[in-house]
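Observations on chain architecture
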Amino acid sequence: MSGRPVRSALPRARLGESPRLDAATGTLSWVDLVAGRLWQADARPDADEPLTAPTLLAEFPGELGCAVRAGERGDWLLALDGVVLRWSPGTAPEHATVTAVPEPDPGRARLNDGAVDPLGRLWVGSIGHRRPLEPVARLHLITPGRPAAVLLDGMLAANGIGWSPDGTRAYVVDTGHRRIHRLRLDRDGLAQPDGAPLPVRRGAPDGLAVDDEGCLWVALWDAAEVVRLAPDGTELHRVEMPCSRPTACAFVGPHLVVTTATVEGEDASGWTYTLDVGVGGPAAHRALLPASG
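Here we summarise the structure given alongside this text. Computed from a predicted model, the values in this text were never measured in an experiment.

Section: the sheet that holds strand S11 (residues 122-128)
- On the basis of which strands lie adjacent, the open sheet formed by 4 strands has the order S10-S11-S12-S13 and antiparallel pairing. Each edge of the open sheet is held by one strand with a lone partner, namely strand S10 (109-116) and strand S13 (149-155). Direction aside, neighbouring strands of the sheet carry axes that sit 20° apart on average.
- Strand direction decides the pairing type here: S11 and strand S12 (residues 137-142), joined by 4 bridges, are antiparallel.

Next up, the structure:
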């Protein structure tokens with residue numbers, strides 16, 4: 001494990017988030033949340049430079065919390081402001097259609113980070129607009145053909161989401177409370193709390209990725225670090241980042257991809273970095289779409 005961050009060839013973002021590896025296309029996607037931009041790059045797990053050929057896929061009018069692939073045709077589900085949109089590549093952003101409205105009050109909260117579980121359902125969190133943060137954030141479950149459901153409530157900022165290698169446990173970050181919720185999933189995909197949340201004592205946990213050994217890699221906002229935690233919260237390793245606000249993580253083979261936010265006066269901020277960490281992690285699941293889609 002070298003643990004040395006290397007700046008990739010990807011463009012600088014105002015607020016890079018939601019890196020997701022798609023195995024079917026061999027690409028990594030990510031968003032610039034504040035700018036509403038959806039990006040994609042070629043992903044090469046066996047190469048020294050694992051990310052190349054970045055392409056701007058679309059720019060949307062609003063804050064783009066996350067983007068995930070959906071269906072066999074490679075459509076997208078996008079968390080934009082308070083709604084979840086379905087968008088098809090090659091069409092104009094204004095042609096995206098609303099599939100769910102988890103946060104209907106535009107003055108209360110917007111959608112934030114999200115990920116797809118092994119059953120093809122979208123989990124997406126929210127964050128309140130007011131500062132200091134209020135406990136109005138929620139974790140939503142979006143299932144095709146069903147109303148959106150709330151899995152967690154009373155959060156300050158629902159953020160990174162990941163699953164254990166066997167798919168039976170979910171991890172969900174609450175950035176504001178500086179903790180990581182653990183949920184146990186049964187065979188029907190129903191989620192129940194699984195022990196006390198894991199505390200994060202340094203920095204504010206943001207996005208996370210779970211590796212093939214079941215350990216969590218967590219980006220620590222305002223701490224200039226990424227930390228590796230065991231499933232019980234034991235700290236195993238820390239990586240120092242060259243900027244104060246790493247935001248999210250994903251795996252491309254043995255490379256951990258870390259997005260960051262631009263901070264005034266920090267020339268190293270806003271870029272995407274890769275680290276050879278000696279362990280891999282799974283590609284993202286694709287979301288299911290209604291049968292008519």
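Section: the side chain of Thr-260
- Tracing the backbone through its elements, the reader meets Thr-260 in strand S24 (residues 255-260).
- A polar atom in the side chain of Thr-260 sits 2.7 Å from the backbone oxygen of Trp-271.
- Setting aside residues no more than four positions away along its own chain, Thr-260 makes contact with Leu-15, Gly-16, Cys-243, Arg-245, Pro-246, Thr-247, Ser-269, Gly-270, Trp-271 and Tyr-273.

Brief notes about unusual backbone geometry
- Omega for the peptide link from Arg-131 to Pro-132 comes to 0°, which places this bond in the cis form.
- Structurally, Pro-132 is set in the loop between S11 and S12.
- Positive phi outside glycine occurs at Ala-53, with the angle close to 55°.
- Of note, the phi angle at Arg-178 is positive, near 55°, even though the residue is not glycine.
- Tracing the sequence through the fold places Arg-178 in the loop between strand S15 (169-174) and strand S16 (179-185).

Comments concerning empty space enclosed by the protein
- Counted according to the given criterion, the structure contains 1 cavity of 30 Å³ or more.
- Its boundaries defined by the atoms lining it, the largest cavity holds a volume of some 70 Å³.
- Counting residues per element, the ones that place at least two in the lining of the largest cavity are strand S2 (16-22) and strand S6 (64-70).
- Residues belonging to the lining of the largest cavity are distributed by class as follows: 5 nonpolar, 2 polar and 3 charged.

Overview of the environment of Arg-182
- Residue position: Arg-182 is located in strand S16.
- For the pair Arg-182 and Gly-90, spaced 92 residues apart in sequence, the C-alpha separation works out to 38 Å.
- When residues no more than four places from it in sequence are discounted, the contact partners of Arg-182 are Arg-169, Ala-170, Tyr-171, Gln-192, Pro-193, Asp-194, Gly-195, Ala-196, Leu-198, Pro-231 and Asp-232.
- A distance of 2.8 Å separates a polar side-chain atom of Arg-182 from the backbone oxygen of Ala-196.

A look at the nonpolar core
- Core analysis: the biggest nonpolar cluster contains 16 residues, and Trp-217, Val-226, Cys-249, Leu-256, Val-258 and Val-277 have the highest contact counts within it.
- Residue assignment for this core shows that the elements contributing at least two residues are strand S20 (216-221), strand S23 (246-252), S24 and strand S25 (273-276).
- For Val-226, the residues in contact, after removing those within four places along its chain, are Trp-217, Val-218, Ala-219, His-237, Arg-238, Val-239, Met-241, Pro-246, Cys-249, Leu-256 and Val-258.
- In this structure, Ala-115, Leu-139, Leu-141 and Ala-158 belong to the second largest nonpolar core, which totals 14 residues.

Section: the side chain of Arg-121
- Tracing the chain through its elements places Arg-121 in the loop between S10 and S11.
- Arg-121 sits in the buried class, given a relative accessible area of 9%.
- At 2.7 Å, the side chain of Arg-121 forms a polar contact with the side chain of Asp-117.
- A distance of 2.9 Å separates the side chain of Arg-121 from the backbone oxygen of Gly-189, its partner in a polar contact.
- Excluding its chain neighbours within four sequence positions, the residues that come into contact with Arg-121 are Ala-115, Val-116, Leu-141, Ile-142, Thr-143, Leu-185, Asp-188 and Gly-189.

So, the sheet that holds strand S9 (residues 97-100)
- Taken together, 4 strands build an open sheet; the order of strands is S6-S7-S8-S9 and the sheet is antiparallel. Each edge of the open sheet carries a strand with a single partner, namely S6 and S9. Adjacent strand axes in the sheet meet at a mean angle of 30°, parallel and antiparallel pairs treated alike.
- Taken together, the 6 bridges between S6 and strand S7 (residues 75-80) define a ladder with antiparallel strand orientation. The partner of Cys-66 across the bridge, within S7, is Ala-79.

A short note on the packing of aromatic side chains
- Taken as a whole and judged by the stated rule, the model has 3 aromatic pairs.
- Their ring planes at 90° and their centres at 5.7 Å tell us that Phe-60 and Trp-87 sit as a pair that is edge-to-face. Taken together, the residues span a long stretch of sequence, with Phe-60 in the loop between strand S5 (51-59) and S6 and Trp-87 in strand S8 (residues 83-87) at a distance of 27 residues. Across the pair, Trp-87 and Phe-60 agree in class, each one buried.
- Ring geometry for Trp-123 against Trp-163: centres 5.3 Å apart, planes inclined by 85°, an arrangement best described as edge-to-face. With Trp-123 in strand S11 and Trp-163 in strand S14 (residues 158-163), this residue pair connects regions lying 40 residues apart in the sequence.
- Residue classification places Trp-123 among the buried positions, given a relative accessible area of 0%.
- You can call Trp-163 buried: its relative accessible area is 10%.
- Above the ring of Trp-271, the side-chain terminus of Arg-7 is found at 3.8 Å from the ring centroid.

Rules and cut-offs
- Residues numbered from 1 in each chain as written.
- Predicted model: local features only at pLDDT ≥ 70, side-chain atom pairs only at ≥ 80, totals over all residues.
- Heavy atoms only, no water.
- Pairing = 2+ DSSP bridges.
- Helix = DSSP H or I, 4+ residues; strand = E, 2+ residues; numbered from the N terminus.
- Axes fitted to C-alpha atoms, helices over the stretch in contact; angles between N-to-C directions.
- Polar contact = N/O pair within 3.5 Å; in protein donor to acceptor, adjacent residues only side chain to side chain.
- Contact = heavy atoms within 4.5 Å.
- 1 Å grid on protein atoms, 1.4 Å probe; cavity = no way out; pocket = protein on both sides within 12 Å on 5 of 7 lines; lining within 4 Å.
- Points joined across faces, edges and corners; volume = space filled by probe spheres on them.
- Nonpolar A, V, L, I, M, F, W, Y, C, P; charged D, E, K, R; others polar.
- Core = buried A, V, L, I, M, F, W, Y, C linked by side-chain atoms within 4.5 Å.
- Buried < 20%, exposed > 50% of the residue type's maximum accessible area, 1.4 Å probe, protein only.
- Phe/Tyr/Trp six-rings, centres within 6.5 Å; stacked < 30°, edge-to-face > 60°.
- Lys NZ or Arg CZ within 6 Å of the ring centre and 35° of its normal.

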